[in-house]
Amino acid sequence: MSESKIKIVFVLPSLKAGGAERVISFIATNLESQKFKSILIIVGNQQDAVYDTQGIEVHFLNKKRVLNAIPKLFKYLFFNKPAIVVGSISHVNRVLAMLSLFFPKTKFVGREASVSSIMKTFAMTHRKTHIPFFRNYHKYLEAIICQSEDMVEDLVTNYGFSKTKIHVINNPITGHLPIKEPHSSKEKTKQLITIGRLSKEKGHERILKVLSKLEFDYCYTVIGTGIEKDTIFNLAKQLNIFDKIKYVPHTNDVAHYLSNSDVFIQGSYVEGFPNALLESCVVGTPVIAFNAPGGTKEIIEDNVNGFMVDTNEAFIEKIDFILNKKEWNPKLINASVAKKYDKNFILKKYEALFFKLSIEQQK
């Protein structure tokens, strides 16, 4: 293998707050700098960026849509000839698959963001793709990264992906997330929290319906933005729990909010790999989530760091148990996830994949 660094281009639609944006920007900026040269190409604008990308080369294409950025992407790849190009979500991956036809020596990698067959049912508009190339774009990618086993099963069963191309790499624990001190909350208002995009698939509405049935005092912090904001808060008013909600559109101090909460609650109907739920476990706050396709079930260990439930009734029962009937040890909750999702452990998986692809690229 060449002594020079392996040049990898990562492509993201934007650096706005989001799971794919956060993970890919973290991977790009934290690969071993003596072995890899990371370049981050952002389709959108610099003013939208909320993630730190210091230490690597970043190019903003200032386009609103990935399709409009194709000429600039093509030009960059033509003149810079990276060894590997990594996409972040399905519509980026489709464009990269098309570009791969023009750059046969470059290895193109797609990272899928969710369980596609479930996620597409929540899209505002879903147009059936009639062009065979775009339906079968995965055939033109050298490797596909999935965050969870459910995503693998979905791609193989429902989309005909080749399992030999798929690599399961969970999301890493990122940022500074100290373990909180244990405390008793029997006499105070219970502090509940949900962090995530305000969209249909995140299930905020069914969380509100559950909370409206609780018989103890609580404050529910909701962190995130999205198109369902008005719908969610109008429902809270109808259920007479609006005054119990604290809304935070965005924060750079997630650890503070998680540490000061008694339980993290997730209502999602589908997940890729829930970063906020993982981070709650890291700081030592127990979690409760509805059973849903995706990586949630790989994180939660029943009665160790929280619970998964199938019904509203079970949710109410378990949240009462978490808050009123058990003392939780933050260190034990942290230990349930710390080693499995350690950032250095996950980075080594990415690096191993990139090394393998680089060797193949040089043959």
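Structural data are supplied above this passage.
Residues numbered from 1 in each chain as written. Predicted model: local features only at pLDDT ≥ 70, side-chain atom pairs only at ≥ 80, totals over all residues. Heavy atoms only, no water.

A. Main features of the packing of aromatic side chains. This model, assessed by the stated rule, comprises 17 aromatic pairs. Ring centres of Phe10 and Phe354 lie 6.1 Å apart, and the angle between their planes is 75°; this geometry places the pair in the edge-to-face category. One end of the pair, Phe10, is in strand S1 (residues 6-12); the other, Phe354, is in helix H14 (residues 343-361), and 344 residues separate them in sequence. Seen from their ring centres, Phe36 and Phe355 are 5.0 Å apart, and the 50° between their planes marks the pair as tilted. Separated by 319 residues along the polypeptide, Phe36 in strand S2 (residues 36-42) and Phe355 in helix H14 bring together distant segments of the chain. On the accessibility criterion, Phe36 (4% relative accessible area) is buried. With relative accessibility at 22%, the residue Phe355 sits in the partly exposed group. Over the ring of Phe242 we find Lys237; its NZ or CZ atom is 5.0 Å from the centre of that ring. (Phe/Tyr/Trp six-rings, centres within 6.5 Å; stacked < 30°, edge-to-face > 60°. Helix = DSSP H or I, 4+ residues; strand = E, 2+ residues; numbered from the N terminus. Buried < 20%, exposed > 50% of the residue type's maximum accessible area, 1.4 Å probe, protein only. Lys NZ or Arg CZ within 6 Å of the ring centre and 35° of its normal.)

B. Up close: empty space enclosed by the protein. A complete count under the given rule lists 2 cavities of 30 Å³ or more for this structure. In this structure, the second largest cavity spans a volume of roughly 40 Å³. Sort the elements by how many residues they give to the lining of the second largest cavity and helix H10 (residues 275-283) lands first, with 3 residues. Here the residues of the lining of the second largest cavity sort into 4 nonpolar, 2 polar and 2 charged. (1 Å grid on protein atoms, 1.4 Å probe; cavity = no way out; pocket = protein on both sides within 12 Å on 5 of 7 lines; lining within 4 Å. Points joined across faces, edges and corners; volume = space filled by probe spheres on them. Nonpolar A, V, L, I, M, F, W, Y, C, P; charged D, E, K, R; others polar.)

C. Fine view of unusual backbone geometry. The backbone phi angle of Lys81 is positive, close to 45°, even though this residue is not glycine. In this structure, Lys81 sits in the loop between helix H2 (70-80) and strand S4 (84-87). Judged by its relative accessible area of 58%, Lys81 is exposed. In this structure, Asn303 is a non-glycine residue whose phi angle is positive, near 70°. Using a relative accessible area of 38% as the deciding quantity, one classes Asn303 as partly exposed.

D. Molecular detail of the pairing of S4. A two-sided burial pattern is seen for S4, the buried positions comprising Ile84 and Val86 on one face and Val85 and Gly87 on the other. For S1 and S4, the ladder comprises 3 bridges, and the chain directions are parallel. Note that in S4 the partner of Phe10 across the bridge is Val86. Sheet topology places S4 next to strand S5 (residues 107-111); 4 bridges connect them, and they run parallel. Note that in S5 the partner of Ile84 across the bridge is Lys107. In this view, the connection linking S4 to its parallel neighbour S5 by way of helix H3 (residues 90-99) has right-handed handedness. (Pairing = 2+ DSSP bridges. Right-handed = clockwise from strand over helix to strand, strands pointing away.)

E. Here's a closer look at the packing of H10 against helix H13 (residues 330-338). At their nearest, the axes of H10 and H13 sit 6 Å apart, and the two run at 135° to each other. It follows from the interaxial angle that H10 and H13 lie oblique. Here H10 contributes Leu278, Cys281, Val282 and Val283 to the contact with H13, which in turn contributes Pro330, Ile333, Asn334 and Val337. Of the residues in the contact of H10 with H13, the class split is 7 nonpolar, 1 polar and no charged. (Axes fitted to C-alpha atoms, helices over the stretch in contact; angles between N-to-C directions. Parallel < 35°, antiparallel > 145°, perpendicular 65-115°, else oblique. Contact = heavy atoms within 4.5 Å.)

F. Looking closely at a nonpolar patch on the surface. A cluster of nonpolar side chains, namely Phe74, Phe78, Phe79, Leu101, Phe102 and Tyr140, defines an oily patch on the protein surface of about 640 Å² accessible area. Relative to the elements of secondary structure, Phe74 occurs in helix H2. For Phe74, a relative accessible area of 31% translates into the label partly exposed. (Patch = residues over 30% accessible without salt bridge, like charges linked within 9 Å, V, L, I, M, F, W, Y side chains within 5 Å. Areas by Shrake-Rupley, 256 points an atom, 1.4 Å probe, with all protein chains shown as cover. Salt bridge = Lys/Arg side-chain N within 4 Å of Asp/Glu carboxyl O.)

G. Local environment of the layout of surface pockets. Empty space within the second largest pocket amounts to approximately 150 Å³. Residues of the lining of the second largest pocket, tallied by class, amount to 6 nonpolar, 2 polar and 2 charged.

H. Structural detail: the sheet that holds S1. Taken in spatial order, the 7 strands line up as S3-S2-S1-S4-S5-S6-S7 in an open sheet, and their pairing is parallel. For this open sheet the edge positions go to strand S3 (57-60) and strand S7 (166-168), each flanked by a neighbour on one side alone. Averaged over all pairs of adjacent strands, the angle between their axes in this sheet comes to 20°, without regard to strand direction. Relative to S7, helix H6 (residues 149-159) is tilted by about 165°, and along the sheet it contacts strand S6 (143-146) and S7. Contacting S1, S2, S4, S5, S6 and S7, H14 runs over the sheet at an angle of about 155° to S5.

I. Structural context of the packing of helix H1 (residues 19-30) against H14. It is the contact of H1 with H14, at a shortest axis distance of 11 Å, that shows an interaxial angle of 80°. On the basis of their axis angle, the class for H1 and H14 is roughly perpendicular. Contact residues: Val23, Phe26, Ile27 and Asn30 in H1; Lys343, Leu347 and Tyr350 in H14. A breakdown of the residues in the contact of H1 with H14 according to their chemical character gives 5 nonpolar, 1 polar and 1 charged.

None of the figures reported here should be taken as evidence of function without further support.
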